[in-house]
Amino acid sequence: MRPTVELTGEHNQIKVMLAVIDAACDRLDAGEKLPPAELDKMVAFINGFVDGFHHDKEEGLLFPAMEAAGAPVEGGPLAVMAGEHEIARHLVRQMSEAASAYRDGDGGVAASFVESGRNYVSLMLAHIDKEDQFLYPMADGQLSGGQQQELRRRFDAASEADDIAGLLDDLRELQEIYLPGERRDQRPPQT
Ligand SMILES: [Fe+2]
Ligand SMILES: [Fe+2]
């Protein structure tokens with residue numbers, strides 16, 4: 001599988017979590033109390049899968065490969081994408097602080113989780129769209145067959161090093177709770 005195809009597949013999983021967070025924000029906004037452990041799982045997925053796995057592969061492997069193939073380092077799309085990752089990290093820190101205060105019984109922080117959560121969702125939806133529509137096609141045009149193969153090898157090593165199975169289980173569990181009845185494209189084939 002081409003490295004950018006793998007990244008787009010991860011975007012699809014991330015978009016499911018963004019829909020979960022959006023639904024959770026709607027419910028908090030309506031005054032509903034949610035199990036704190038579920039908010040913790042949303043934050044843990046972002047930290048472990050979105051940031052620790054997906055953004056790590058982009059910043060640590062894809063972007064350097066594109067730079068080596070001639071993409072501008074400063075002022076170009078790679079700098080814009082990395083800057084958006086940084087804004088996303090800031091928003092996740094806010095979500096994490098709100099989730100932990102909520103767990104400690106401070107119901108007043110629900111509004112703070114909703115605000116940072118909604119900002120995170122809209123930032124990431126636009127970010128993912130830019131990468132799928134523009135950045136990944138640009139990478140595919142720039143990288144030679146040999147460079148793609150080298151990137152593929154490094155992506156495989158990253159997948160072996162990072163244990164993301166538990167996070168994907170949590171994603172499916174939250175999907176069942178917050179998006180009931182929606183198509184579950186991310187479920188593995190039933191055996
Ligand atoms: Fe990105
Ligand atoms: Fe991405």
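Structural data are supplied above this passage.
Residues numbered from 1 in each chain as written. Chains lettered and ligands numbered in written order. Predicted model: local features only at pLDDT ≥ 70, side-chain atom pairs only at ≥ 80, totals over all residues. Heavy atoms only, no water.

## Some details on the coordination of the iron ion (ligand 2)
So the rule is basically this: A donor here means an N, O or S atom no more than 2.8 Å from the metal, or no more than 3.2 Å when the metal is Na, K or Ca. Since water is not included, a site may seem to lack partners. Every geometry call rests on angle ranges, with four donors termed tetrahedral when all angles are between 85 and 135 degrees, four termed square planar and six termed octahedral when opposite donors are over 155 degrees apart and all others are between 65 and 115, and everything else termed irregular. By definition, any uninterrupted DSSP run of H or I lasting at least four residues is a helix, any uninterrupted run of E lasting at least two residues is a strand, and each is numbered from the N terminus.
On the protein side, the iron ion (ligand 2) has His11 (NE2), His54 (NE2), Glu58 (OE) and Glu131 (OE) as donor atoms, found 2.0 to 2.2 Å from it. In this structure, the iron ion (ligand 2) is surrounded by four donor atoms whose angles at the metal cover 86 to 168°, and the resulting shape is irregular. The motif formed by the donor residues of the iron ion (ligand 2), counted along the single chain, is H-x42-H-x3-E-x72-E. Between the iron ion (ligand 2) and the iron ion (ligand 1), a separation of 3.2 Å is found, and both are coordinated by Glu58. Here His54 is found in helix H2 (residues 36-68), whereas its partner Glu131 is found in helix H4 (residues 110-142), with 77 residues between them in sequence.

## Remarks on the pattern of salt bridges
Formally: Just to be clear on terms, a salt bridge is a Lys or Arg side-chain nitrogen sitting within 4 Å of an Asp or Glu carboxyl oxygen.
Taken as a whole and judged by the stated rule, the model has 17 salt bridges. Here Arg152 ties to Glu6 by a salt bridge, and the two come within 2.6 Å at their closest N and O atoms. Of this pair, Arg152 sits in helix H5 (residues 145-161) while Glu6 sits in helix H1 (residues 3-29); the two residues are 146 residues apart in sequence, bridging distant segments of the chain. Here Arg153 makes a salt bridge to Glu150, at a shortest N to O gap of 2.8 Å. Of the two residues, Arg153 and Glu150 both sit in helix H5, three residues apart, roughly one turn of that helix.

## Notes on the nonpolar core
Quick note on the threshold: We define a nonpolar core as any set of buried Ala, Val, Leu, Ile, Met, Phe, Trp, Tyr and Cys residues linked to one another through side-chain atoms lying within 4.5 Å. Here the term buried applies to any residue with accessible area under 20% of the maximum for its type, exposed to any over 50%, and partly exposed to those in between, with areas from a 1.4 Å probe on protein chains only. Contacts: residue pairs with any heavy atoms within 4.5 Å of one another.
Formed by 43 residues in total, the largest nonpolar core has its most connected members in Met42, Phe49, Phe113 and Tyr120. Within the residue set of this core, elements represented by two or more residues are H1, H2, helix H3 (77-103), H4 and helix H6 (165-178). The element best represented in this core is H1, accounting for ten residues. In this view, Phe49 contacts Glu10, Gln13, Ile14, Ala44, His54, Ile164, Leu167 and Leu168; residues no more than four positions away in its chain are not counted.

## What to know about the coordination of the iron ion (ligand 1)
Six octahedrally arranged donors around a metal ideally form angles of 90 or 180 degrees; four tetrahedrally arranged donors ideally form angles of 109.5 degrees. For the iron ion (ligand 1), the full set of protein donor atoms is Glu58 (OE), His85 (NE2), His127 (NE2) and Glu131 (OE), at a range of 2.0 to 2.2 Å. We note that the donor set of the iron ion (ligand 1) lies within a single chain, spaced as E-x26-H-x41-H-x3-E.

## What about H2?
The criterion, for reference: A helix is expected to reach a length of 1.5 Å times the quantity of its residues less one. The angle between axes fitted to the seven-residue stretch ending at a residue and the seven-residue stretch beginning at it gives the bend at that residue.
Spanning 33 residues, H2 covers 44 Å between terminal C-alpha atoms, matching the ideal 48 Å at 1.5 Å per step. At His55, H2 is bent by approximately 35°, the largest bend along its length. Count one or two residues on from H2 and you reach Gly70, which has phi positive near 115°.

## Comments concerning the environment of Val20
Looking at the secondary structure, you find Val20 in helix H1. Residue classification places Val20 among the buried positions, given a relative accessible area of 0%. As a C-alpha pair, Val20 and Ala161 span 141 residues in sequence and 27 Å in three-dimensional space.

## A word on H4
One turn of an α-helix holds 3.6 residues; hence residues three or four places apart share an orientation. Taking 1.5 Å per residue, 33 residues should reach 48 Å; H4 reaches 45 Å between its end C-alpha atoms and fits that length. Roughly 40° is the biggest bend found in H4, and it falls at Glu131.

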